[in-house]
2 protein chains.
Amino acid sequence: MLNEHATYLLHPIGIVRSVLIKPEDAPRQGFLGAPEAWIEIYPQYRDALQGVNVNDEVTVLTWFHLSDRSILKVHPRSDPSRPLTGVFATRAPVRPNPIGLHRVTVLEIVPARGIRVQPLEAVDGTPVIDIKAVLREAKD
Amino acid sequence: MLNEHATYLLHPIGIVRSVLIKPEDAPRQGFLGAPEAWIEIYPQYRDALQGVNVNDEVTVLTWFHLSDRSILKVHPRSDPSRPLTGVFATRAPVRPNPIGLHRVTVLEIVPARGIRVQPLEAVDGTPVIDIKAVLREAKD
């Protein structure tokens, strides 16, 4: 039954391979100087890459597996002088379902491995849960 | 252990209430004439709305609970004359983790209920899994 106690199971489709190791080394947003990274796609999902091309912009969805899911309010940008704000009014990685959205450019495609992208502010080992085309008209 | 067999559990934070009842009535993208809708937030997550304001643009993440998760290739826009394309090169609702991204404008906030937004191309009863601020610089 569809109600607030229903839950859904995410199956990662791949994993981030990055020079970023510790969350505190990651910029808060990709456009703040994040490095390139590989998105290694697990073999059973690689057919879903067909039609992704170099220079495409795509939205990568990650799962911030290190995040505290119980936090509902944060000081934006981790700045204690900013008033506590609900996480739905922010992009903080702590949130009930810690999904990250990353707009990146595809730099390289290796069908037996995955795609190289930039910029990506997720640490090495972050699970990847989806990749979506960016629609010019959709703005996201 | 972090590997391709790890799974993650999503807890819906709310639910869509919309005049759209059947998936075939929903436009393919919000900007293609989708209606306004209520996002009813479950009581335990309502504190996370603090700081969301009327006229804000936010990205709503939904879970397409009716989608087939086993499909890796589709004919874009359901047009059989278009060649089969990997779902990661599209925004088709069928995908291994059927998460929808919806950029909407907040029309009304009722703290004891949720937010009214537009346009939203998700049917009534669709689980909502996150709401994120839109950063002007992030383009998503």
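These numbers were taken from a predicted model, which means no experiment stands behind them.

(A) Representation of the overall build of chain A. The number of helices and strands found in chain A is zero helices and nine strands. For 140 residues, the compact-globule formula gives about 14 Å, and the C-alpha radius of gyration of chain A, at 16 Å, lands near that figure. Each of the three principal axes of chain A carries a C-alpha extent, and together these read 45 × 45 × 35 Å. Out of the 140 residues belonging to chain A, those deemed buried represent 44%. Taking as baseline every contact in chain A between residues at least 6 positions apart, the subset at least 24 positions apart corresponds to 72%.

(B) Looking closely at the relation of the copies chain A and chain B. Mapping chain A onto chain B is achieved by rotating through 180° and translating by 0.0 Å along the same axis, at an RMSD of 0.0 Å. Considering both components of the superposition, the chain copies are consistent with a two-fold axis.

(C) Main features of the sheet that holds strand 4 (residues 57-63) of chain B. Residues and elements named next belong to chain B. Taken in spatial order, the six strands line up as 2-3-8-7-4-9 and close into a barrel, and their pairing is antiparallel. Averaged over all neighbouring strand pairs, the angle between strand axes comes to 45°, with direction disregarded. Taken together, the seven bridges between strand 4 and strand 7 (residues 99-110) define a ladder with antiparallel strand orientation. Residue pairing in the sheet places valine 58 in a bridge with valine 104 of strand 7.

(D) Representation of the interface of chain A and chain B. On the side of chain B, 50 residues touch chain A, which itself brings 50 residues to the contact. Elements that contribute at least two residues to the side of chain A that touches chain B include exactly strand 1 (8-10), strand 4 (57-63), strand 6 (85-86), strand 7 (99-110) and strand 9 (127-133) of chain A. Here the residues of the side of chain A that touches chain B sort into 28 nonpolar, 11 polar and 11 charged. Across three bridges, strand 1 of chain A lies against strand 1 (residues 8-10) of chain B in antiparallel orientation. Within strand 1 of chain B, the position partnered with tyrosine 8 of chain A by the bridge is leucine 10 of chain B.

(E) View of the pairing of strand 2 (residues 14-17) of chain B. Residues and elements named next belong to chain B. Of the strand pairs in this sheet, strand 2 and strand 3 (residues 37-41) are connected by four bridges, and their pairing is antiparallel. Looking at strand 3, one finds that glycine 14 is bridged to isoleucine 41. Direction of pairing for strand 2 relative to strand 9 (residues 127-133): antiparallel, over a ladder of two bridges. Pairing of isoleucine 15 across the sheet is with proline 127, part of strand 9.

How each quantity is defined
- Residues numbered from 1 in each chain as written.
- Chains lettered and ligands numbered in written order.
- Predicted model: local features only at pLDDT ≥ 70, side-chain atom pairs only at ≥ 80, totals over all residues.
- Helix = DSSP H or I, 4+ residues; strand = E, 2+ residues; numbered from the N terminus.
- Rg over C-alpha atoms; globule rule 2.2 N^0.38 Å.
- Buried ≥ 20, exposed ≤ 12 C-beta atoms within 10 Å, placed from the backbone.
- Contact = placed C-beta atoms within 7 Å.
- Least-squares fit on C-alpha atoms with pLDDT ≥ 70 in both.
- Pairing = 2+ DSSP bridges.
- Axes fitted to C-alpha atoms, helices over the stretch in contact; angles between N-to-C directions.
- Nonpolar A, V, L, I, M, F, W, Y, C, P; charged D, E, K, R; others polar.

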